[in-house]
Each structure stands twice: as C-alpha cells, then as structure tokens.
Amino acid sequence: IRSANGTGSTTCPVARNCIISNNLGKTNGTDNYSRGAAVFFGQWGKMYDTEITANTGTQGGAVMIGSKGDGGAILRDCYVHDNHGTSTGGGVLSFGGIVERCRIVRNTCDGDTGGIRSTGGTLVRNCLIADNTSGTASGGVYAGTDDEYAYCTIVGNKGPKHSGVRLTGSNLLV
C-alpha cells in the first residue's frame, strides 16, 4: 500500500481491518520503493486495526510513515510483527505522525532498530514494543528530535548498543 503527498497524490487514504503480509520491498538505486515494504504513507495516510506481518524492506521493514511533523498520518490499533528491515526500522520507520495502541513485536533489523525508529515529531502512545532485535544499535526504540513516547511498554528487546531505548536529538519527551 502506497500513498504520498504533493502533486498527483492520493489524499487521506484509509486502510482498516486488513492483513498485509509477505511483501518484499526492493530498490533499483533510484527510487524509494524499498521503504515501508508493506505500507508507505505520507502526510495524511491512516491505518487502523490492521495486522502487518512477514514483510522485508530496506528502511521500515513493515511500515514507513513519511509525515513531517504535521501529525496527520496515523497508525492505530495495529499489530506489526515478524517483519525485517535491512537498514533501519525493522517494524516501523516514522518521520512524524501518530503511532497509537499498536503492538510492535518480534521485528528484526540487520542495521539499527528492530522495533520503531522515529524522528521529526512522532507521537508514540500506549504501544507495546517487545522482543525486537537489531544488528547494530537499538533493539526496541530509536527516538529522535521532537518525538514523544507516552504510556508505552518497552520490554525484551535486544541490540548490541541499546537493547531497549536510544534517545538522540533534542526536545524528546519520554
């Protein structure tokens, strides 16, 4: 599933009660189709009550939210599990928007962050982030500038540098 913003874009796409599985994102070196192997959405995409599993991509093995600080993109009540990223964000890679009441579990990444890699004002609220694994950095969470994590349970993640949470950037609220 892909949505974007800008000229010729889909506005406010909504996906609800889906199962999205077994997708492989590839890149030819000139596009970004490897980002969010199963789901890539931009400024206003919304996804609710969806299971996203067994997908592989370079950045955002399962989901990439490309929303820059507007809070319009929403991933809510989703089960993101058993996905793989080769570069960053085995489960979720987010550049803003809201990730709420999601279970982000058993995702892996060869690079940094098995669970969720965020920056740009992402709000992560009431999520379970558990049993994710990273090859080079944080197993569970890698949070960047202007992000907020509230009422989350982060447990059982594994990474060589930061098993649970890595905080970088400024204006973080955890």
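Residues numbered from 1 in each chain as written. Predicted model: local features only at pLDDT ≥ 70, side-chain atom pairs only at ≥ 80, totals over all residues. Heavy atoms only, no water.

### Points about the packing of aromatic side chains
In this description, an aromatic ring pair is defined by two values, namely the gap between the centres and the angle between the planes.
Part 1 of the argument: Within the structure shown, the criterion is met by zero aromatic pairs.
Part 2 of the argument: Taking the ring centre of Tyr-79 as reference, the NZ or CZ of Arg-103 above it sits at 3.9 Å.
Part 3 of the argument: We note Arg-117 situated over the ring of Tyr-142; from NZ or CZ to the ring centre the distance is 3.7 Å. (Phe/Tyr/Trp six-rings, centres within 6.5 Å; stacked < 30°, edge-to-face > 60°. Lys NZ or Arg CZ within 6 Å of the ring centre and 35° of its normal.)

### Considerations on the pairing of strand E10 (residues 84-88)
Part 1 of the argument: With three bridges connecting them, strand E6 (residues 56-59) and E10 associate as parallel partners. By the bridge assignment for E10, Thr-56 is matched with His-84.
Part 2 of the argument: Bridge analysis of E10 against strand E14 (residues 108-109) gives two bridges, and the strand direction is parallel. Note that in E14 the partner of His-84 across the bridge is Thr-108. (Pairing = 2+ DSSP bridges. Helix = DSSP H or I, 4+ residues; strand = E, 2+ residues; numbered from the N terminus.)

### So, a nonpolar patch on the surface
Part 1 of the argument: The grouping of Ile-154, Val-165 and Leu-167 at the surface amounts to a nonpolar patch, some 220 Å² of accessible area in total.
Part 2 of the argument: Along the chain, Ile-154 falls in strand E21 (residues 153-155). (Patch = residues over 30% accessible without salt bridge, like charges linked within 9 Å, V, L, I, M, F, W, Y side chains within 5 Å. Areas by Shrake-Rupley, 256 points an atom, 1.4 Å probe, with all protein chains shown as cover. Salt bridge = Lys/Arg side-chain N within 4 Å of Asp/Glu carboxyl O.)

### Remarks on the sheet that holds strand E8 (residues 74-76)
Part 1 of the argument: The sheet built from six strands is open, its strands ordered E1-E4-E8-E12-E16-E20 with parallel pairing. Looking at strand neighbours, the two that pair on one side only are strand E1 (14-16) and strand E20 (148-150), the edges of this open sheet. Averaged over all adjacent pairs, the angle separating strand axes in this sheet is 5°, with direction ignored.
Part 2 of the argument: In terms of strand pairing, strand E4 (residues 46-48) meets E8 through three bridges, oriented parallel. Bridge pairing links Tyr-48 to Arg-76 in E8. (Axes fitted to C-alpha atoms, helices over the stretch in contact; angles between N-to-C directions.)

### Let's talk about the nonpolar core
In summary, soluble globular proteins display a tendency toward joint burial of nonpolar side chains.
Part 1 of the argument: Met-47, Ile-52, Val-63, Leu-75, Val-99 and Ile-116 are the most contacted members of the largest nonpolar core, which totals 25 residues.
Part 2 of the argument: If near-sequence neighbours (up to four positions away) are discounted, Ile-116 is found in contact with Val-92, Val-99, Ile-104, Val-124, Ile-129, Gly-140, Val-141, Tyr-142 and Tyr-149. (Core = buried A, V, L, I, M, F, W, Y, C linked by side-chain atoms within 4.5 Å. Buried < 20%, exposed > 50% of the residue type's maximum accessible area, 1.4 Å probe, protein only. Contact = heavy atoms within 4.5 Å.)

### With respect to the side chain of Ser-118
Part 1 of the argument: On the secondary structure map, Ser-118 appears in strand E15 (residues 116-118).
Part 2 of the argument: Separated by 2.7 Å, the side chains of Ser-118 and Asp-147 make a polar contact.
Part 3 of the argument: Excluding residues that lie within four positions of it along the chain, Ser-118 makes contacts with Ser-94, Tyr-142, Ala-143, Gly-144, Asp-147 and Tyr-149. (Polar contact = N/O pair within 3.5 Å; in protein donor to acceptor, adjacent residues only side chain to side chain.)

### Examining the pattern of salt bridges
Part 1 of the argument: Per the stated rule, a full pass over the model turns up five salt bridges.
Part 2 of the argument: For the salt bridge of Glu-100 with Arg-76, the shortest nitrogen-to-oxygen distance reads 2.6 Å. One end of the pair, Glu-100, is in strand E12 (residues 98-100); the other, Arg-76, is in strand E8, with 24 residues separating them in the sequence. Accessibility classification places Glu-100 together with Arg-76 in one group, the buried group.
Part 3 of the argument: For Glu-100, the salt bridge identified is with Arg-125, shortest N-O distance 2.6 Å. With a gap of 25 residues between them, Glu-100 in strand E12 and Arg-125 in strand E16 (residues 123-125) connect regions that are remote in the sequence.
Part 4 of the argument: Ionic contacts of the salt-bridge type, sharing partners, join the residues Arg-76, Glu-100 and Arg-125 into one network.

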